[in-house]
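# Per-entry structural report
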2 protein chains.
Amino acid sequence: MLPYSLTRFIELFSKIPGIGPRQAHRIAFWLLRHDKNFLYSYGFAIRDLADKIHVCRQCFFVFETTSGGSETLCTICRNPSRDQTRIAVVEKETDLISIEKTKQYAGLYHVLGGLFSPIEGNNHDLKVQELANRIRENPQTQEIILAFSHTAEGDLTAMELERILKPFPAHITRLGLGLPRGADVEFADEDTLGNALQSRR
Amino acid sequence: MLPYSLTRFIELFSKIPGIGPRQAHRIAFWLLRHDKNFLYSYGFAIRDLADKIHVCRQCFFVFETTSGGSETLCTICRNPSRDQTRIAVVEKETDLISIEKTKQYAGLYHVLGGLFSPIEGNNHDLKVQELANRIRENPQTQEIILAFSHTAEGDLTAMELERILKPFPAHITRLGLGLPRGADVEFADEDTLGNALQSRR
């Protein structure tokens, strides 16, 4: 009973992780309460993502090409003042953004595109081989920071990468474990508190 | 540090109710993991919403115009086999869809576009005047079903509409109260159980 264009919209937006058919309905009707130009601006925003945003061939983060530009590297990889001897391997783009916001890291990145999963055959999309090749081709790499969450999948991924990257001379590190800022000692779990004790400074 | 097109996308999508900046980031990067044509299809879907979907001038539900068409009424209002003597007033489009799915109602609708709020001045976008005009112009209207949720705002809206529609001869009804299908009598709240007792059949 719904018009085709609306059904098609709902079908597409229901595919987005975190948006179900119910929310896709709500989004469609919310958009339709606005004028045409407002809706067009959403269409243009998506078209610009498709046309202007590219994935860095070295670190797999995103960057925007200037008109007529033929860059293949992102602004971080292109920046000569970044520390070229360090690579922080992150699960996803938003983790890179969070690390950049700390302003405490001036090295390069590598977006893995996910974490290893205990389910066999689920890991083929991860940029692991690309990471190994990159380190092989860049012998100046001194440190590889495995900047994953300290979860089961993060630990598994770190373990696998340590195994794969063992042949290279670069030092492999992980993010420190400890008390998060603002947390109450009384209510910290034993693991976290134990780690905070061991990493005291 | 994010490319402009990406920032713009995130800014726009963060405005959608239920989507915050964090989810807008995730949606952007999820889209960017797909090929250009996949992204274009989302852009086209939004453009088609803007170009092809119109709002019925009588009931404020949506409909699609055929190419070159100049309809101003939705398929429900245009359908002569629907019962023209009944109007179900609903809060929003998705409520209309739910009622249609029951296949128990063959009358017309009126999408109010929200509910009355106890906060003064928040009700100016509701299609209340349009409803009153419509009933005035359609003296064949015999029943107006106020198909709102039985919540504080739904009750307030029903009360206000009953007051406004009093001058018309049409009978005003609301949706029945009772036990929802599958609910356990033991755990039903007193109100619901009391209502179920009163509406027993």
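What you see is a predicted model, and the numbers here were worked out from it, not measured in a lab. (Residues numbered from 1 in each chain as written. Chains lettered and ligands numbered in written order. Predicted model: local features only at pLDDT ≥ 70, side-chain atom pairs only at ≥ 80, totals over all residues. Heavy atoms only, no water.)

### Some details on the overall build of chain A
The cut-off we apply is this: Starting at the N terminus, helices and strands are each numbered in turn, a helix being any DSSP run of H or I of at least four residues and a strand any DSSP run of E of at least two. Remark: exposure states derive from per-residue accessible area (1.4 Å probe, protein chains only) relative to the maximum for the residue type, with buried under 20%, exposed over 50%, and partly exposed in between. Contacts are assigned to residue pairs that have any heavy atoms within 4.5 Å of one another. In short, Shrake-Rupley with a 1.4 Å probe defines the accessible areas, and a residue's cover is counted only from the protein chains shown.
Of regular secondary structure, chain A possesses eight helices and six strands. Reading the helices (α) and strands (β) of chain A from amino to carboxyl end gives α-α-α-β-β-α-β-α-β-α-β-α-β-α. Seen along its three principal axes, the alpha-carbon backbone of chain A occupies a region of about 60 × 50 × 35 Å. For chain A, with 201 residues in total, the buried portion stands at 45%. Restricting the contact set of chain A to residue pairs at least 6 apart, pairs at least 24 apart contribute 44%. With an accessible surface of roughly 11500 Å², chain A has 51% of that area assigned to carbon and sulfur atoms.

### Brief notes about the relation of the copies chain B and chain A
Stated formally: We place the copies in one frame by least squares, fitting the C-alpha atoms of every residue whose pLDDT is at least 70 in both.
Laying chain B over chain A is done by rotating through 180° and shifting 0.0 Å along the axis; what remains is an RMSD of 0.1 Å. When the rotation and shift are considered jointly, the pair of chain copies conforms to a two-fold rotation axis. The C-alpha atom lying nearest the rotation axis in chain B is that of glycine 43 of chain B; the distance is 2.1 Å.

### Quick notes on the confidence of the model for chain A
We apply this condition: A residue's pLDDT is simply how confident the predictor is in it, with values from 0 to 100.
Looking at chain A, the pLDDT average stands at 92 and 98% of residues meet or exceed 70. Interface predicted TM-score (ipTM) for the complex: 0.85; the corresponding pTM is 0.83.

### Thoughts on the packing of aromatic side chains
Heads up, the rule is: Note on aromatic contacts: the rings of Phe and Tyr and the six-membered ring of Trp form a pair at centre separations within 6.5 Å, being stacked when their planes are under 30 degrees apart, edge-to-face when over 60 apart, and tilted otherwise.
One pass over the structure, following the stated rule, counts 14 aromatic pairs over all chains. Three or more aromatic residues link up through ring pairs in this structure, and these residues are Phe9 and Phe13 of chain A together with Trp30, Phe38 and Tyr42 of chain B.

### Side note on the packing of helix 2 (residues 21-32) of chain B against helix 3 (residues 36-52) of chain B
Residues and elements named next belong to chain B. To be explicit about the condition: Throughout, an axis means a line fitted to C-alpha atoms (over the contacting stretch in the case of helices), and angles, computed between N-to-C directions, take values from 0 to 180 degrees. Convention used here: angles under 35 degrees read as roughly parallel, angles over 145 as roughly antiparallel, angles from 65 to 115 as roughly perpendicular, and any remaining angle as oblique. Residues are grouped as follows: Ala, Val, Leu, Ile, Met, Phe, Trp, Tyr, Cys and Pro are nonpolar; Asp, Glu, Lys and Arg are charged; all remaining types, including Gly, are polar.
Where helix 2 meets helix 3, the closest approach of the two axes is 8 Å, and the angle between their N-to-C directions is 130°. With respect to each other, helix 2 and helix 3 are oriented oblique. Between helix 2, through Trp30, Leu31 and Leu32, and helix 3, the contact on the second element is made entirely by Phe38, Leu39 and Tyr42. Looking at side-chain class alone, the contact of helix 2 with helix 3 contains six nonpolar, no polar and no charged residues.

### Topic: the sheet that holds strand 4 (residues 107-111) of chain A
Residue and element names in this part refer to chain A. As a reminder, the rule being used: Only when DSSP finds a minimum of two bridges between them are two strands counted as paired.
The parallel open sheet is built from four strands, whose spatial order is 4-3-5-6. Of all the strands in the sheet, just strand 4 and strand 6 (171-174) have a single pairing partner and so form its edges. Shown here is a sheet whose adjacent strand axes are inclined to one another by a mean of 25°, direction ignored. Taken strand by strand, helix 5 (residues 93-102) contacts strand 3 (83-90) and strand 4, and its axis lies near 160° from that of strand 4.

### A closer look at the nonpolar core
Formally: As used here, the term nonpolar core means buried Ala, Val, Leu, Ile, Met, Phe, Trp, Tyr and Cys residues forming a set that is joined through side-chain atoms within 4.5 Å.
Counting 88 residues, the largest nonpolar core has Leu6, Phe9 and Phe13 of chain A together with Leu6, Phe9 and Phe13 of chain B as the members making the most contacts within it. If we ignore the near neighbours within four places in the chain, the residues touching leucine 6 of chain A are Ala28, Phe29 and Leu32 of chain A together with Leu49, Ile53 and Val62 of chain B.

### Comments concerning the sheet that holds strand 6 (residues 171-174) of chain B
Residues and elements named next belong to chain B. Ordered in space as 4-3-5-6, the four strands form an open sheet in which the pairing is parallel. The open sheet has two free edges, formed respectively by strand 4 (107-111) and strand 6, since each of these has just one partner strand. Along the sheet, successive strands turn relative to each other by an average axial angle of 25°, direction set aside. Sheet analysis places strand 3 (residues 83-90) next to strand 5 (residues 143-146), joined by four bridges and oriented parallel. From the neighbouring strand, alanine 88 faces strand 5, where its bridge partner is isoleucine 145. Packing of helix 7 (residues 152-165) onto the sheet brings it into contact with strand 3, strand 5 and strand 6, and relative to strand 6 it is tilted by some 175°.

### A few points about the pairing of strand 5 (residues 143-146) of chain A
Each regular strand shows side chains that alternate between the opposite faces of the sheet. Residue and element names in this part refer to chain A. The condition that has to hold: Handedness of a crossover: with both strands directed away from the viewer, a clockwise path from the first strand across the helix to the second marks it as right-handed.
Burial along strand 5 is two-sided: Glu143 and Ile145 facing one way and Ile144 and Leu146 facing the other are all buried. As paired strands, strand 5 and strand 6 are joined by four bridges and run parallel to one another. Bridge assignment links isoleucine 144 to a residue of strand 6, and that residue is isoleucine 172. Read from strand 5 through helix 7 (residues 152-165) to strand 6, the crossover connection turns out right-handed.

### Details of the interface of chain B and chain A
Often, the extent of an interface is quoted as the loss of accessible area on bringing the components together. Where we set the bar: Values labelled buried area give the accessible surface lost by two parts on being combined, using a 1.4 Å probe and summing over both. A pair is scored as a salt bridge if a Lys or Arg side-chain nitrogen falls within 4 Å of a carboxyl oxygen belonging to Asp or Glu. Counting of polar contacts relies on pairs of N or O atoms within 3.5 Å, with two restrictions inside protein: one atom must be capable of donating a hydrogen and the other of accepting it, and residues adjacent in sequence are counted only when both atoms are side-chain atoms.
Of the residues lining the interface, 49 residues belong to chain B; the matching set on chain A comes to 49 residues. Between chain B and chain A, the buried area comes to about 4600 Å², and carbon and sulfur atoms account for 77% of it. At the boundary of chain B and chain A, one finds four salt bridges. For the pair chain B and chain A, the number of links is 12 residue pairs in polar contact (both at pLDDT 80 or more). Mapped by element, the contributors of at least two residues to the side of chain B that touches chain A are helix 1 (4-13), helix 2, helix 3, strand 2 (62-64) and helix 5 (93-102) of chain B. Looking at the side of chain B that touches chain A element by element, the count peaks at 14 residues for helix 3 of chain B. In the side of chain B that touches chain A, the residues fall into 31 nonpolar, seven polar and 11 charged.

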